[in-house]
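# Coordinate analysis (summary)
The residues making up each chain are set out below.
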Amino acid sequence: MRGRKPKPRHLRVIEGNPGKRPLPEDGVKLPSEYAPPPDFLDEMARAAWERLVPPLVERGLFTVLDHDRIAAYCESFSRWRKHEQSLKDAGEETFETHGRQGRMIRARPELSIISEQIRIMGSIGSDYGFSPVARLRLKDVGQGDLFNPFDNV
C-alpha cells in the first residue's frame, strides 16, 4: 500500500482533530487465541512460532487471519539461520571464479539470500511490533509503560 500507515483512532483523539472530520472506528476486532504451528514448518521455524505466538496472543495481536503471515515470518527466520550457518561453514564471504575475462572475486549467494530474508522479517515484524519503533505504533503496546513513575506509588 502507498502512503503513510493510518494512525489508530486513540492516537488521533489524543493529538486532536484539526480537520474536524468524524474519526473512523478502528478496524474489526477478532479474538486472539493460540494456534499450533502449521505442519509445513521445519524444526527451526516451529521453534520461532512457539517463541513468537504466545506473546502476540497475550497482546491480542494474533488472530486467525495472521497464521499465514506469522508462518511466512518463521520460514524466513529459518532460512536466514540456515544460510548464516552455511556462510559460517564456508569460512569466507567471497569465492573466486575463472573465465574468459580472467579471475573474478564474487560474493557468495548466501549473502543475498540472508539480506532478503532479513528484509522480509523486518517487513512482517513491523506489523506485529517486533522492533521498538514498531511497538510504539501499536495500540496498547507502548514502551512508556516500562518506565511509568506512578507504578511504584
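Up top is the structure these notes are about.
Rules of the game
Residues numbered from 1 in each chain as written. Predicted model: local features only at pLDDT ≥ 70, side-chain atom pairs only at ≥ 80, totals over all residues. Heavy atoms only, no water. Helix = DSSP H or I, 4+ residues; strand = E, 2+ residues; numbered from the N terminus. Buried < 20%, exposed > 50% of the residue type's maximum accessible area, 1.4 Å probe, protein only. Contact = heavy atoms within 4.5 Å. Salt bridge = Lys/Arg side-chain N within 4 Å of Asp/Glu carboxyl O. Core = buried A, V, L, I, M, F, W, Y, C linked by side-chain atoms within 4.5 Å. Axes fitted to C-alpha atoms, helices over the stretch in contact; angles between N-to-C directions. Parallel < 35°, antiparallel > 145°, perpendicular 65-115°, else oblique. Left-handed = near helix turned anticlockwise from the far one by under 90°. Phe/Tyr/Trp six-rings, centres within 6.5 Å; stacked < 30°, edge-to-face > 60°.

Before going further, it helps to examine the overall build of the protein chain. In terms of regular secondary structure, the protein chain is built from five helices and two strands. Taken from N to C terminus, the helices and strands of the protein chain fall in the order α-α-α-β-β-α-α. Here the protein chain holds 153 residues, and 24% of them are scored as buried. Across the protein chain, the fraction of contacts at a sequence separation of at least 24, relative to all contacts at a separation of at least 6, is 51%.

In this structure the tally under the stated criterion is six salt bridges. The shortest N-O distance in the salt bridge between Lys82 and Asp42 comes to 2.3 Å. Of this pair, Lys82 sits in helix α3 (residues 67-90) while Asp42 sits in the loop between α1 (9-15) and α2 (43-59), placing them 40 residues apart in sequence. Classification of Lys82 by relative accessible area gives partly exposed; the value is 43%. One salt bridge in this structure joins Arg119 and Glu116, with 2.7 Å as the shortest N-O distance. With Arg119 and Glu116 both in helix α4 (residues 109-128) and three residues apart, the pair spans about one turn of that helix. You can call Glu116 partly exposed: its relative accessible area is 33%.

The next subject is the nonpolar core. Counting 21 residues, the largest nonpolar core has Leu41, Trp49, Val53, Phe62, Ile70 and Cys74 as the members making the most contacts within it. Secondary structure elements with two or more residues in this core: α2, α3 and α4. If we skip the residues at most four places from it in the chain, Leu41 touches Arg46, Trp49, Ala71, Cys74 and Glu75.

Okay, the packing of α2 against α3 next. The axes of two packed helices give the description: the angle between them and the distance between them. α3 packs onto α2 with a crossing angle of 135 degrees between their chain directions and a minimal axis gap of 8 Å. Considered as vectors, α2 and α3 are oriented oblique to each other. Handedness of the α2/α3 crossing: right-handed. For the pair formed by α2 and α3, the contact residues are Met44, Ala45, Ala48, Trp49, Arg51, Leu52, Val53 and Leu56 on the first element and His67, Ile70, Ala71, Tyr73, Cys74, Glu75, Phe77, Ser78, Arg81 and Lys82 on the second.

What follows concerns the packing of aromatic side chains. This structure, assessed with the given rule, holds four aromatic pairs. On the numbers, 5.0 Å between centres and 75 degrees between planes, the contact of Tyr73 with Phe130 is edge-to-face. Residue Tyr73 is located in helix α3, and its partner Phe130 is located in the loop between α4 and α5 (132-137); the two are separated by 57 residues in the primary sequence. Taking relative accessible area as the criterion, Tyr73 reaches 10% and is therefore assigned buried. Residue Phe130 is classed as partly exposed on the basis of its relative accessible area of 27%. An aromatic cluster is defined as three or more aromatic residues linked by ring pairs; in this entry it consists of Tyr73, Tyr128 and Phe130.

What is shown is where atoms sit, not what they do.
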